[in-house]
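Here is how the chains run, residue by residue.
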Amino acid sequence: MTKKDSHDAYIAAAPEQFRPFLSRLRAQLSRALPDAAEVMKYDMPGFQIEDTIIVGYAAFSKQCGLYVDPGAIADHAHEIASLKLKATKTGVTFSVSKPIPAELVEKLAISSRIKKGF
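Throughout this document, residue positions are counted from 1 along each chain, in the order its sequence is written. A pLDDT threshold of at least 70 governs which residues receive local features in this predicted model, and a stricter bar of 80 or more applies before side-chain atom pairs are shown or counted, although totals over entire chains, interfaces and linings include all residues. Think of the side-chain values as coming from all heavy atoms in the structure, minus any hydrogens and water.

### Some remarks on helix 5 (residues 102-115)
Link 1 in the chain: Compared with the 20 Å implied by 1.5 Å per residue over 14 residues, the 20 Å span of helix 5 between its first and last C-alpha is a close match.
Link 2 in the chain: Buried within helix 5 are the following residues: Leu 104, Val 105, Leu 108, Ala 109, Ser 111, Ser 112 and Arg 113.
Link 3 in the chain: At the exit of helix 5 stands Gly 117, carrying a positive phi of roughly 85 degrees. Under the scheme used here, helices are H or I runs from DSSP no shorter than 4 residues and strands are E runs no shorter than 2 residues, and both carry numbers assigned from the N terminus. Here the expected length of a helix is defined as 1.5 Å per residue gap, with one fewer gap than residues. Exposure is judged per residue with a 1.4 Å probe applied to protein chains only, and the accessible area is read against the type maximum: over 50% gives exposed, under 20% gives buried, and values in between give partly exposed.

### Things to note about the pairing of strand 6 (residues 91-94)
Link 1 in the chain: Burial along strand 6 is two-sided: the face carrying Gly 91 and Thr 93 and the face carrying Val 92 and Phe 94 are both buried.
Link 2 in the chain: Here strand 5 (residues 86-87) runs beside strand 6; their pairing, made up of two bridges, is antiparallel. Each residue of the ladder has a partner; that of Ala 87, found in strand 6, is Val 92.
Link 3 in the chain: Two strands qualify as a pair provided that DSSP identifies no fewer than 2 bridges between them. In this structure, the hairpin formed by strand 5 and strand 6 is closed by a connection of three residues.

### Topic: the packing of aromatic side chains
Link 1 in the chain: The rule is short: rings of Phe, Tyr and Trp, with Trp giving its six-membered ring, pair when the centres are within 6.5 Å, and they are stacked under 30 degrees, edge-to-face over 60, tilted in between. Counted according to the given criterion, the structure contains zero aromatic pairs.
Link 2 in the chain: Note on criteria: charge over ring means Lys NZ or Arg CZ within 6 Å of the ring centre, with the direction from the centre no more than 35 degrees off the ring normal. Directly above the aromatic system of Phe 21 lies the positively charged group of Arg 24, at a separation of 4.9 Å from the ring centroid.

### Things to note about the packing of helix 2 (residues 19-32) against helix 5
Link 1 in the chain: Between N-to-C directions, angles span 0 to 180 degrees; the directions come from axes that are lines fitted to C-alpha atoms, helices contributing only their stretch in contact. Where helix 2 meets helix 5, the closest approach of the two axes is 9 Å, and the angle between their N-to-C directions is 45 degrees. Taken together, the axis directions place helix 2 and helix 5 in an arrangement best described as oblique. In the crossing of helix 2 with helix 5, the sense of the turn from one axis to the other is right-handed. Taken together, the residues of helix 5 that come into contact with helix 2 (itself represented by Leu 25, Gln 28, Leu 29 and Ala 32) are Ala 102, Val 105, Glu 106, Ala 109 and Ile 110.
Link 2 in the chain: Residue type decides the class: Asp, Glu, Lys and Arg count as charged, Ala, Val, Leu, Ile, Met, Phe, Trp, Tyr, Cys and Pro as nonpolar, and the leftover types, Gly among them, as polar. For the contact of helix 2 with helix 5, a count of residues per class yields seven nonpolar, one polar and one charged. Orientation labels follow simple angle bins: below 35 degrees gives roughly parallel, above 145 gives roughly antiparallel, 65 to 115 gives roughly perpendicular, and whatever is left gives oblique. Helix crossings get a hand from a simple test, with the near helix turned counterclockwise from the far one by less than a right angle marking a left-handed crossing and a clockwise turn marking a right-handed one. In what follows, residue pairs with any heavy atoms lying within 4.5 Å of each other are defined as contacts.

### What about the pattern of salt bridges?
Where charged atoms of side chains with opposite charge meet at close range, the side chains can pair.
Link 1 in the chain: A side-chain nitrogen of Lys or Arg and a carboxyl oxygen of Asp or Glu constitute a salt bridge if their distance falls within 4 Å. Within the structure shown, the criterion is met by six salt bridges.
Link 2 in the chain: In this structure, the salt-bridge partner of Glu 38 is Arg 26, at a minimum N-O distance of 2.9 Å. With Glu 38 in strand 1 (residues 37-41) and Arg 26 in helix 2, the pair connects residues that are twelve residues apart, well separated along the chain.
Link 3 in the chain: Notably, a salt bridge pairs Asp 69 with Lys 116, separated by 3.8 Å at the nearest N-O pair. With a gap of 47 residues between them, Asp 69 in the loop between strand 4 (64-67) and helix 3 (70-75) and Lys 116 in the segment after helix 5 connect regions that are remote in the sequence.
Link 4 in the chain: Residues participating in the shared-partner salt-bridge network are Asp 8, Arg 26 and Glu 38.

See the structure below:
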């Protein structure tokens, strides 16, 4: 995808099968972080408080990712594993066939916020 300047533009340019998931993810993150600003950083949409990115998300050709503080991943590693989602140090990837549950999105966003000192 080419560089986009808003969450709307990013979602519109994402692979079609991921657009509904990205729209839901955006809404879930907005509810979990009501005082965070929507930003575009590092060519991906995110939510920022002051000068700190709390959470970001991205779409790729075969999956999507939710990116948070490493401590948030560590705090919820058991839940992520029990859902059979793939995790890296800073993110959780998911697909159309195995979406990330709304409850986990909220937990990861709030945990990331806390880990980043907000």
